[in-house]
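The primary structure of each chain is shown beneath.
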2 protein chains.
Amino acid sequence: MGKYVFGIDVGGTSVKFGLFEVDGSNGNLIEKWSIPTRTEDSGSHILPDIADSIKNKISEKSYGLDEIIGAGIGLPGPVDDKGIIRKAVNLYWKEDFNVEERLSGLLDGMKVKATNDANAAALGEAWAGSAKNAMNVLMITLGTGVGGGIVINGKVYAGTTGAAGEVGHIMIERDFEEKCNCGNAGCLEQFASATGMVRVGRRMLSETADPSPLRERRDRLTAKDIWDAAKDGDSMGLKIAGEIGRYLGEGLAIIATVLNPEVIVIGGGVSAAGKIVLESVEKHFKKHIFHASAGTKIVLASLGNDGGIYGTAKLLID
Amino acid sequence: MGKYVFGIDVGGTSVKFGLFEVDGSNGNLIEKWSIPTRTEDSGSHILPDIADSIKNKISEKSYGLDEIIGAGIGLPGPVDDKGIIRKAVNLYWKEDFNVEERLSGLLDGMKVKATNDANAAALGEAWAGSAKNAMNVLMITLGTGVGGGIVINGKVYAGTTGAAGEVGHIMIERDFEEKCNCGNAGCLEQFASATGMVRVGRRMLSETADPSPLRERRDRLTAKDIWDAAKDGDSMGLKIAGEIGRYLGEGLAIIATVLNPEVIVIGGGVSAAGKIVLESVEKHFKKHIFHASAGTKIVLASLGNDGGIYGTAKLLID
């Protein structure tokens, strides 16, 4: 019976590792490190590099193989229940394949579980973060894009093709004409990702002449500028934050009416703006949530960039 | 080891029963019957009446108690994972209580499992109906209201407070002012229930003067009139069906982008209009569904009013 688990979070520029000591259904992060993601040669070095790093760590620690429960890996792309990854364009992988089997083969048969990176972060928050002890959790990540993951009965729900929780691509603005990266139009991501927030901000700045420090930054506006202005009490900043919060609050109310989660976790880079994000969302969420799901709590993620290594480690711990 | 299961579907006017002979994970419906739902005296007769009916059937069939696996019961109200029903207003039940424990007590300790009626219908279709063999299913029922149920990994997903799948109450029309029965405004139910379809029809008839047989029925218009006119090729009927299909297609695309189901089953009284309902929905669904969930199949329910007894029986069969 082993007692150590590896959590691996694969991003487009680096791979983060966590080594956890397992105690029942708990786990303590005892070490973390990272390596570059080598995307050259169609990403063919990525899994061998990961396997080498894990083998080196096992050797460095002088662990016996019987002490290792296994490794969980989170990937930027849809991963189904069988461990098959599809369309991992950020890793330059050209084919769909079973990543659990392949990495396990590189690790002398070590048990490997794979999931999507957003699902991993959701599971991490449900296990050890701000949704700790909640069985049904929706996580939404606000960053370059808007991603999401779903935990049901304490486990990742990956969906039929690994695409469950793609909350950035629900239609939220019917007659919007500009295309989303996904090919549709009017997606939540177009208003609630970092670039989406800037889109909302620029539109609102162009609709009025109200003075605002944001106006002089209009051409190089960032999501952080908007939230900083709102926190400073700038009226234009508050209006834009309110409009972004309306999109997010409406979207989350729709999703929570379907999923009836216990907790919604808001994460991703933009969530660093803090509780003003929650405040902007809540009024609109309450307006549209079905009464039987009105008890859904909305919280900020607490594990930050470590959510993925926690969640992937948890895949091996019951 | 028993071999019979009862499925019980409790409605506001009648309680339907099914007796199933179990064979592995299959079940054959060998008899069905119904009794009136006595809602007087705060619905206090309902569960005792159900228990009497089941005991009579067991006695009539001369089954031994060891031949009975148990009974599943579907109820019009949210039921959580523990079997607690809340706010069953159609049954005039004033308190929240554990219906599994109470009915089991009336049946000398027989194993009882309870769920919401829409979840039961979803599970029935996933087990023995038009979503047979699908692990992840969303069912939407179009009737007096719009309900829904979710099956994940072959089991009902009830949600945190038993309210998962309340797809009739997702916000679909942002600036709609008329209130929904739920207290919010702009809910899918306001456009896709039988009365919602009539609302859409009346609005569209008032917006044009196009000739249509629907026009003379305007004050007593029904959902069936609309679908019949569309099937007859009446241009106004087709336009209204298209508009209803737009609301439904958009709503289902949003939900399927979150849930990534294998199959969406459309049921309820209005689905009797047949494949024209599917045709009206599909174009709009395809427009808004996220590409990774575009393989979601949309089908009509095939068990009709028997979905509930199949699904509740399935609660006892693994």
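This structure is a prediction, so every number in the text was calculated from the model and none was measured.

Asker: Would you mind showing me how to read the overall build of chain A here?
Answerer: Check the secondary structure of chain A and you find 10 helices and 12 strands. Here chain A has a C-alpha radius of gyration of 20 Å; the compact-globule value for 318 residues is 20 Å, and the two agree. Principal-axis analysis of the C-alpha atoms places the extent of chain A at approximately 65 × 45 × 35 Å. Of all 318 residues assigned to chain A, the portion counted as buried reaches 59%. Here the contacts in chain A between residues at least 6 apart in sequence split such that 62% fall between residues at least 24 apart. Surface accessibility of chain A: about 12,800 Å² in total, with carbon and sulfur atoms responsible for 48%. Distance from the positive charge centre (35 side chains) to the negative charge centre (41 side chains) of chain A: 3 Å.

Asker: What should I look at first to understand the interface of chain A and chain B in this one?
Answerer: Quoted interface sizes are often the accessible area lost when the parts come together. Contacts between chain A and chain B engage 43 residues on the former and 43 residues on the latter. Approximately 3,500 Å² of surface area, both sides summed, lies buried where chain A meets chain B, with 55% of it carried by carbon and sulfur atoms. Put simply, chain A and chain B have four salt bridges between them. Of the charged contacts in the structure, one is a salt bridge between A:Glu250 and B:Arg174, with a shortest N-O distance of 2.7 Å. For the interface between chain A and chain B, the tally reads 28 residue pairs in polar contact (both at pLDDT 80 or more). Those elements that place two or more of their residues in the side of chain A that touches chain B are strand 9 (146-152), helix 8 (235-259) and helix 9 (275-288) of chain A. Considering every element that reaches the side of chain A that touches chain B, the biggest residue donor is helix 8 of chain A, with eight residues.

Asker: Can you walk me through the sheet that holds strand 9 (residues 146-152) of chain B in this structure?
Answerer: Strands pair in a sheet through their backbones, by hydrogen bonds, and they do so in one of two ways: parallel or antiparallel. Residue and element names in this part refer to chain B. Ordered in space as 10-9-8-11-12, the five strands form an open sheet in which the pairing is mixed. Two strands lie at the open edges of the sheet, namely strand 10 (155-156) and strand 12 (297-300), each paired on one side alone. By the bridge criterion, two bridges tie strand 9 to strand 10 in an arrangement that is antiparallel. When the sheet's bridge partners are listed, Val151 is paired in strand 10 with Val156. This element, helix 4 (residues 117-128), spans strand 8 (137-142), strand 9, strand 10 and strand 11 (263-267) of the sheet and lies at about 50° to strand 9.

Asker: What exactly am I supposed to notice about the pairing of strand 7 (residues 112-116) of chain B here?
Answerer: Along a regular strand, successive side chains alternate from one face of the sheet to the other. Residue and element names in this part refer to chain B. With four of its five residues buried, strand 7 lies for the most part within the structure. In terms of strand pairing, strand 4 (residues 68-75) meets strand 7 through five bridges, oriented parallel. Pairing of Leu75 across the sheet is with Asn116, part of strand 7.

Asker: What is the right way to look at the domain arrangement of chain A in this model?
Answerer: All names here are of chain A. When cut into domains, chain A gives domain 1 (4-128 + 306-314) and domain 2 (137-301). Spacing between the C-alpha centres of domain 1 and domain 2 amounts to 29 Å. If you look at the interface, domain 1 gives 14 residues, while domain 2 gives 16 residues. Taking both partners together, domain 1 and domain 2 bury about 1,100 Å²; carbon and sulfur atoms supply 65% of that area.

Asker: Hey, could you run me through the sheet that holds strand 9 of chain A in this one?
Answerer: Residue and element names in this part refer to chain A. The mixed open sheet is built from five strands, whose spatial order is 10-9-8-11-12. Where the open sheet ends on each side, the last strands, each with one partner, are strand 10 (155-156) and strand 12 (297-300). Where strand 8 (residues 137-142) lies against strand 11 (residues 263-267), five bridges are found, and the strand directions are parallel. What sits directly across from Thr141, in strand 11, is Gly267. Sitting on the sheet, helix 4 (residues 117-128) touches strand 8, strand 9, strand 10 and strand 11, and the angle it makes with strand 9 is about 50°.

Asker: Would you mind going over the pattern of salt bridges with me for this structure?
Answerer: Two side chains carrying opposite charge are able to pair once their charged atoms lie near each other. Under the criterion given, the structure shown has 44 salt bridges over all chains. Note that A:Arg217 is salt-bridged to A:Asp225, the shortest N-O span being 2.9 Å. Given a relative accessible area of 28%, A:Arg217 falls into the partly exposed group. For B:Arg86, the salt bridge is made with B:Asp80, and the minimal N-O distance between the two is 3.3 Å. Residues joined by salt bridges that share partners form a network here, namely A:Glu173, A:Arg203, A:Glu207, A:Glu243, A:Arg246, A:Glu250 and B:Arg174.

Asker: Just to check I follow, could you spell out unusual backbone geometry for this structure?
Answerer: Excluding glycine, residues mostly have negative phi values, and the peptide bonds linking residues are mostly trans. The backbone of A:Ser62 shows a phi angle near 55°, a positive value even though the residue is not glycine. A:Ser62 sits in the exposed class, given a relative accessible area of 61%.

Asker: Looking at this structure, I do not really get the pairing of strand 3 (residues 26-36) of chain B. What am I missing?
Answerer: All names here are of chain B. Sheet analysis places strand 2 (residues 14-23) next to strand 3, joined by 10 bridges and oriented antiparallel. Opposite Glu21, over in strand 3, you have Asn28 as the bridge partner. Here strand 2 folds back onto strand 3, and the loop between the two strands holds two residues, one of which, Gly24, carries a positive phi near 65°.

Asker: Is there a simple way to explain the packing of helix 6 (residues 194-207) of chain A against helix 7 (residues 223-231) of chain A in this structure?
Answerer: When two helices pack together, their arrangement is given by the angle between the helix axes and the distance between those axes. Residue and element names in this part refer to chain A. Direction vectors running N to C along helix 6 and helix 7 enclose 60°, while the axes themselves pass 8 Å from each other. As far as their axial angle goes, helix 7 and helix 6 are oblique. Residue-level contacts link Ala194, Met197, Val198 and Gly201 of helix 6 to Ala223, Ile226 and Trp227 of helix 7. Here the residues of the contact of helix 6 with helix 7 are counted per class, giving six nonpolar, one polar and no charged.

Asker: Hey, could you run me through the relation of the copies chain A and chain B in this one?
Answerer: Taken together, a rotation about one axis and a shift along it account for how the two chain copies relate. Superposing chain A onto chain B takes a rotation of 180° plus a shift of 0.0 Å along the axis, which leaves an RMSD of 0.1 Å. What we have between these two chains is a two-fold relation. Across chain A, the smallest distance between a C-alpha and the rotation axis is recorded for A:Ile255, namely 3.7 Å. Of the interface residues in chain A, 100% have counterparts in chain B that sit at the interface too, so the contact is made through matching surfaces.

Asker: What's the story with helix 6 (residues 194-207) of chain B in this structure? I'm lost.
Answerer: Residues spaced three or four apart along an α-helix face the same direction, because each turn holds 3.6 residues. Residue and element names in this part refer to chain B. In a regular helix each residue adds 1.5 Å, so 14 residues correspond to 20 Å; helix 6 covers 20 Å between its end C-alpha atoms and thus fits that length. Those residues of helix 6 that sit buried are Gly196, Met197, Val198, Val200, Gly201, Met204 and Leu205. Next to the buried residues of helix 6 lie strand 8, helix 5 (189-192), helix 7 (223-231) and helix 8 (235-259).

Asker: Just to check I follow, could you spell out the environment of B:Asp232 for this structure?
Answerer: One can find B:Asp232 in the loop between helix 7 and helix 8. Along the chain, B:Asp232 and B:Asp23 lie 209 residues apart, while their C-alpha atoms are 45 Å from each other.

Asker: Quick question: what am I supposed to make of the environment of B:Ala164 here?
Answerer: For B:Ala164, the position within the fold is in the loop between strand 10 and helix 5. For B:Ala164, a relative accessible area of 3% gives the class buried. Note: C-alpha distance between B:Ala164 and B:Leu19 (145 residues apart in sequence) is 28 Å. Aside from chain neighbours lying at most four places away, what touches B:Ala164 is A:Val258, A:Leu259, A:Asn260, B:Asn119, B:Gly148, B:Ile150, B:Tyr157, B:Ala158 and B:Gly159.

Quick notes on the rules
- Residues numbered from 1 in each chain as written.
- Chains lettered and ligands numbered in written order.
- Predicted model: local features only at pLDDT ≥ 70, side-chain atom pairs only at ≥ 80, totals over all residues.
- Heavy atoms only, no water.
- Helix = DSSP H or I, 4+ residues; strand = E, 2+ residues; numbered from the N terminus.
- Rg over C-alpha atoms; globule rule 2.2 N^0.38 Å.
- Buried < 20%, exposed > 50% of the residue type's maximum accessible area, 1.4 Å probe, protein only.
- Contact = heavy atoms within 4.5 Å.
- Areas by Shrake-Rupley, 256 points an atom, 1.4 Å probe, with all protein chains shown as cover.
- Lys, Arg positive; Asp, Glu negative; His and termini not counted.
- Charge placed at Lys NZ, Arg CZ, Asp CG, Glu CD.
- Buried area = accessible area lost by both parts, 1.4 Å probe.
- Salt bridge = Lys/Arg side-chain N within 4 Å of Asp/Glu carboxyl O.
- Polar contact = N/O pair within 3.5 Å; in protein donor to acceptor, adjacent residues only side chain to side chain.
- Pairing = 2+ DSSP bridges.
- Axes fitted to C-alpha atoms, helices over the stretch in contact; angles between N-to-C directions.
- Domains from an automatic or database assignment.
- Parallel < 35°, antiparallel > 145°, perpendicular 65-115°, else oblique.
- Nonpolar A, V, L, I, M, F, W, Y, C, P; charged D, E, K, R; others polar.
- Least-squares fit on C-alpha atoms with pLDDT ≥ 70 in both.
- Expected span 1.5 Å × (residues − 1).

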